[in-house]
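# Understanding the architecture of this molecule
Below, each chain spelled out in residue letters.
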Amino acid sequence: MTSRKRQASDSLLPVRSAKYQRTEENQGIWHRWRQLGTEAFTLGYETVRLGYLSLMNCGSQAVSQQPENPNQTGSLPSQATYLALPPCLPIPQETHKPKDSQPVAGRSRLSSSLQSRSESSNALNGNGNSPPSTLTGHTSVTPVPSTSKGHVQHSQSYDFIGSSALGRGVVGGIRPRRSRDHIYARVHKAKVQEDRKKDREELVQELFHYKRSTGYTSDFDSFKSLINYQARLEILERHALSPSPSLTDLRVKQSSPGHSRRHSFSDDVDPDFLERALRKAKKSFELPPPKPFSPSHDRLRLSARHRDEAIEKRLRPKLPKVLPPDADTQVNALLCKKGIISKVARESVNDRDLSRLLPSQWLNDEIMNFYGAMILTRSESNRDPTAKRKMLDVHYFSTFFWPKLKNEGYEQGRLAKWTKKIDIFSKDIILIPINHNNSHWTGAAINFRRKRIESYDSMNLDRHQVFKALRSYLDSEHRNKRKKPFDFTGWQNHNPDDTPQQENGYDCGVFTCQFLESLSRGEEGFYFSQRDMTYLRRRMIWEIGHAKFLDGP
């Protein structure tokens, strides 16, 4: 086998063409790597820049418009909605491309995706001839009706961004500015409250000393409850407000019997009220002494009558401090009973009602009406001439009479039926318990023997509305029964200054019951005071439990 040399190729023969032709778009492998690096650097720079701007402008950028209804048609959000969103990176559009779309040969995957995204954005904007744009932070998207799955997900992502913006506190397009309290704000508030409480305590202490010098006999705790009670009654009377939630409704039955205090007053009395009360107390001490005078004949007669009354009061037996031992034992037994305790006429009292007569409790309608029914029964039974003591011929209206008269009037309240079987004008006196704003009990009377409309208040408040309402009732009742107006000649309003006064915020019901009981016996004065309330409460328990009055003082 002979070896022969291979013949050299002809240099003039055409050279084999390259696999990749170098064109304007494909300038070689190094050029393509350099282009890819440039685009990657540009993408990273724009990402960092837009992220920084979005964080800086997140609190200052206003949301101009929020969509009221979610985009349920699956279309892209509107131009205004997109512009209202905070700046963020554009969402890649690869999911929106059809499956058959492929990147142009010779281009990288990133560059082709960026260019196709720019072209689709230009197509949506109606500018098909615009050149491909570089990566920017904002793109304008025009709503295009579409039901494709990719577009629905895109819309939902925008809705999530809007809801998150609302969750960050954006209200009405403006993010509220957060304000921080001073580091010593809590300490300052506590110090201010402590100072106010201390000043209020000093005012109450000073007022208590002035009251003690003028005859106040109760302790400081009772005086504080009295001040709270007076302040709230003044608000109710002056401004005609509804009862405060802190004042217990007297008509609400107690949930369970107990010895807890029913009055839940706070110590936050208005300092202005304390200052007014203190000025009033000081003014009574600063008044000049009375000028000497020579008494006239009428003055001498008046002083003689006062002297006789003082002698009669001194001769009258005082109320005892405690009940007799057997009666006191019966009271304890009555307090241990359950269910219905006693009945008289159409009234009845159970164990929960009877517990209202324990110390520091407010009386309810059942106790007041039961005691009035006892007064009425005693008056009817003493009409017999052979009775030991002659009682007045009285009529007692229940506690529901006053709300009917005050709120509905004579005609609308149908008060004519209340006296269908009786003639009040033939009675000696008409007794009326009054509940003011479900917070205070007072007693009133129409005294036909002395031609007086009387009001007895243990808080000594102005009761001109009581006189006005009872005069109107008398005239309407007389026109209904006698067919002519009532003659008020010689009648006067009677509100005595020496009415016994309570020294706490819960004994008004006991005072009222004793007012009406004394009037039913024809008494012109009252011979009990605040110091007798403990004895009178236990005495009323015995009287209600036995449905009769206890003999003796």
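Residues numbered from 1 in each chain as written. Predicted model: local features only at pLDDT ≥ 70, side-chain atom pairs only at ≥ 80, totals over all residues. Heavy atoms only, no water.

### Looking at the packing of aromatic side chains
Scanning the entire structure with this criterion turns up 25 aromatic pairs. Taking the centre distance of 5.9 Å and the plane angle of 55° together, the rings of phenylalanine 511 and phenylalanine 528 count as tilted. Highlighted residues: phenylalanine 511 in helix 14 (residues 508-520) and phenylalanine 528 in the loop between helix 14 and helix 15 (533-546), separated in sequence by 17 residues. One exposure class covers both phenylalanine 511 and phenylalanine 528, and it is buried. Following the ring pairs from residue to residue traces out a cluster consisting of Phe397, Phe401, Tyr410, Trp418 and Tyr473. Taking NZ or CZ as reference, arginine 378 lies 4.2 Å from the ring centre of phenylalanine 549, over its face. (Phe/Tyr/Trp six-rings, centres within 6.5 Å; stacked < 30°, edge-to-face > 60°. Helix = DSSP H or I, 4+ residues; strand = E, 2+ residues; numbered from the N terminus. Buried < 20%, exposed > 50% of the residue type's maximum accessible area, 1.4 Å probe, protein only. Lys NZ or Arg CZ within 6 Å of the ring centre and 35° of its normal.)

### Quick notes on the side chain of asparagine 504
Structurally, the position occupied by asparagine 504 is in the loop between strand 7 (492-494) and helix 14. We classify asparagine 504 as buried; its relative accessible area is 3%. Of note is the side chain of asparagine 504, whose polar atom sits 2.9 Å from the side chain of aspartate 507. (Polar contact = N/O pair within 3.5 Å; in protein donor to acceptor, adjacent residues only side chain to side chain.)

### Some remarks on the environment of lysine 321
Looking at the secondary structure, you find lysine 321 in the loop between helix 8 (297-315) and helix 9 (325-336). For the pair lysine 321 and aspartate 532, spaced 211 residues apart in sequence, the C-alpha to C-alpha distance is 7.1 Å. Apart from the residues within four sequence positions on either side, lysine 321 is in contact with Arg531 and Tyr535. (Contact = heavy atoms within 4.5 Å.)

### Points about the sheet that holds strand 5 (residues 440-447)
The sheet built from five strands is open, its strands ordered 3-4-5-6-7 with mixed pairing. The sheet is open, and its two borders are formed by strand 3 (394-396) and strand 7, each paired with just one other strand. The mean angle between the axes of side-by-side strands here comes to 20°, regardless of whether they run parallel or antiparallel. As paired strands, strand 3 and strand 4 (residues 429-436) are joined by three bridges and run parallel to one another. Bridge pairing in strand 4 links tyrosine 396 to leucine 431. (Pairing = 2+ DSSP bridges. Axes fitted to C-alpha atoms, helices over the stretch in contact; angles between N-to-C directions.)

### Considering the pairing of strand 5
Within strand 5, eight of the eight residues are buried, which leaves it mostly tucked inside the rest of the structure. Burial of strand 5 is two-sided: the residues His440, Thr442, Ala444 and Ile446 facing one way and the residues Trp441, Gly443, Ala445 and Asn447 facing the other way are all buried. Judged from the eight bridges that link them, strand 4 and strand 5 form a sheet pairing that is antiparallel. Paired with isoleucine 432 across the bridge in strand 5 is alanine 444. The pairing of strand 5 with strand 6 (residues 452-456) spans five bridges and is antiparallel. Each residue of the ladder has a partner; that of alanine 445, found in strand 6, is glutamate 454. Where strand 5 folds back onto strand 6 in an antiparallel hairpin, the turn is made up of four residues, including lysine 451, whose phi is positive at roughly 55°.

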